[in-house]
Amino acid sequence: MSGTGDAADPWTYDDFEVGAGIGTVEVALDERRLGLWRRIYAGPGAEAGAGDAAVPQGVVVAAMMEGFIKVIDPRPPGNIHAGQTLDFSGVPVRPGARLSIVFTCMAREIRRERRWVTFGVRVLDGETPVARGEIVSIWAK
Amino acid sequence: MADADETLPGEIAPLELAASQDMVLAYAELTDDFNPIHVDPAFAAETPFGGPIAHGTMALNLVLVAVERSLGRPVCGLAVRFVKPVPVGATIRAGGRLADAARGTYEVFVETDAGVRALEGTLTVGPAPRAAP
């Protein structure tokens, strides 16, 4: 939903309030998701996540992006992902985990007529921190 | 951060991925990100990119897979910029070079088969996982 509370209105630059929470999304690391991961990144290492082995860190990144897509919906078409920071806690994440992904607005700025928005993200497995970082975006509207 | 007494390879072995339309659609499904800039050729043709582009994290994840396969170590932290778009249909290659052995920091990149840098940044790896006793 948008910052105006109307689900039909895309989130715009003006909807983001620096320091404000945006929302929390749960993403399940189910077999469908792991199968898609293996299809894209096939080869040694892609098998990780099968059985009880920890999922590849990239699966957490992909889940983070799904959370981002879901928590800020709808979005104006044409947004650009310009940068990314992430710190991983080192805690292994197992197949079947349900990750909670928490988003906040960290900063926004208009530079060279582009609308830059920085989002903070925290990924949790239950109460356990998995990763945290920032998503830097150029917002289309 | 890597253990100081462990020797880190000077390079991350390059790893390639074809960012074909099929793979980009699979990545869209993986992330539920069907932004038309990635999946709608007609829309994307009207943007400054002139055509569909791959998701930025598709390239970032190739770096993480390359690290996993080449070094067998987890990534502790990363900071990257998506400096140029990857056109759908390009083949991308991820790699990296050891920049600070004490910290376990690598300069990493992803480039297209046309030699265009799409992603640049740094990441720091942790110690190799210990085998279970």
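This text goes with the structure placed above it.
The rules behind each value
- Residues numbered from 1 in each chain as written.
- Chains lettered and ligands numbered in written order.
- Predicted model: local features only at pLDDT ≥ 70, side-chain atom pairs only at ≥ 80, totals over all residues.
- Helix = DSSP H or I, 4+ residues; strand = E, 2+ residues; numbered from the N terminus.
- Buried ≥ 20, exposed ≤ 12 C-beta atoms within 10 Å, placed from the backbone.
- Contact = placed C-beta atoms within 7 Å.
- Axes fitted to C-alpha atoms, helices over the stretch in contact; angles between N-to-C directions.
- Parallel < 35°, antiparallel > 145°, perpendicular 65-115°, else oblique.
- Left-handed = near helix turned anticlockwise from the far one by under 90°.
- Nonpolar A, V, L, I, M, F, W, Y, C, P; charged D, E, K, R; others polar.
- Arc of directions from axis to C-beta.
- Pairing = 2+ DSSP bridges.
- Core = buried A, V, L, I, M, F, W, Y, C linked by C-beta atoms within 7 Å.

Caption draft 1: Looking closely at the overall build of chain A. Secondary structure summary: chain A contains two helices and five strands in total. Per-residue burial over chain A gives 35% buried out of 141 residues. Taking contacts inside chain A between residues at least 6 apart in sequence as the whole, the part at least 24 apart equals 67%.

Caption draft 2: Representation of the packing of helix H1 (residues 31-40) of chain A against helix H1 (residues 21-31) of chain B in the model. Relative orientation of the contacting elements H1 of chain A and H1 of chain B amounts to 155°, with a least axis distance of 9 Å. By the angle class used here, H1 of chain A and H1 of chain B are roughly antiparallel. The chirality of how H1 of chain A crosses H1 of chain B is left-handed. When H1 of chain A is examined against H1 of chain B, the residues Arg33, Leu36, Trp37, Arg39 and Ile40 of chain A are found in contact with a partner set consisting of Met23, Ala26, Tyr27, Glu29 and Leu30 of chain B. By residue class, the composition of the contact of H1 of chain A with H1 of chain B is seven nonpolar, no polar and three charged.

Caption draft 3: Molecular detail of H1 of chain A. Residues and elements named next belong to chain A. Within H1 the residues assigned to the buried category are Arg33, Leu34, Trp37 and Ile40. Along the axis of H1, the buried residues cluster in a sector spanning 125°; they form a single face. Residues of H1 that are exposed and point more than 90 degrees away from the buried face comprise Glu31 and Arg32.

Caption draft 4: Representation of the sheet that holds strand E3 (residues 98-111) of chain A. With respect to topology, 10 strands assemble into an open sheet ordered E1(A)-E3(A)-E4(A)-E5(A)-E2(A)-E2(B)-E5(B)-E4(B)-E3(B)-E1(B), the strand pairing being antiparallel. Of all strands in the sheet, those bounded by a partner on one side alone are strand E1 (21-28) of chain A together with strand E1 (11-18) of chain B. On average, adjacent strands in this sheet sit at an angle of 20° to one another, irrespective of strand direction. Where E3 of chain A and strand E4 (residues 114-125) of chain A come together, 12 bridges link them in antiparallel fashion.

Caption draft 5: Representation of the nonpolar core in the model. Counting residues in each nonpolar core, the largest one holds 75 residues, and the members touching the most others are Val60 of chain A together with Ala59, Leu62 and Ile92 of chain B. With 10 residues, helix H4 (residues 56-71) of chain B is the single largest residue contributor to this core. The contacts of Ile92 of chain B, once residues within four sequence positions are left out, are Glu16, Leu17, Ala19, Ala59, Leu62, Val86, Val110, Glu111, Thr112 and Ala118 of chain B.

Caption draft 6: How the structure looks around the pairing of E3 of chain A. Pairing geometry for E1 of chain A and E3 of chain A, over seven bridges, is antiparallel. Bridged to Val25 of chain A within E3 of chain A is Ile101 of chain A.

Caption draft 7: Highlighting H1 of chain B. Within the span of H1 of chain B, buried status applies to Val24, Tyr27, Leu30 and Thr31 of chain B. Looking straight down H1 of chain B, one finds its buried side chains confined to an arc of 115°; they lie on one side. Tucked into the core, H1 of chain B has its buried residues touching H1 and helix H2 (57-71) of chain A together with helix H2 (36-39) and H4 of chain B. Directly beyond the C-terminal end of H1 of chain B, a positive phi value near 60° is found at Asp32 of chain B.

Geometric descriptors of this kind do not, in isolation, establish any biological role.
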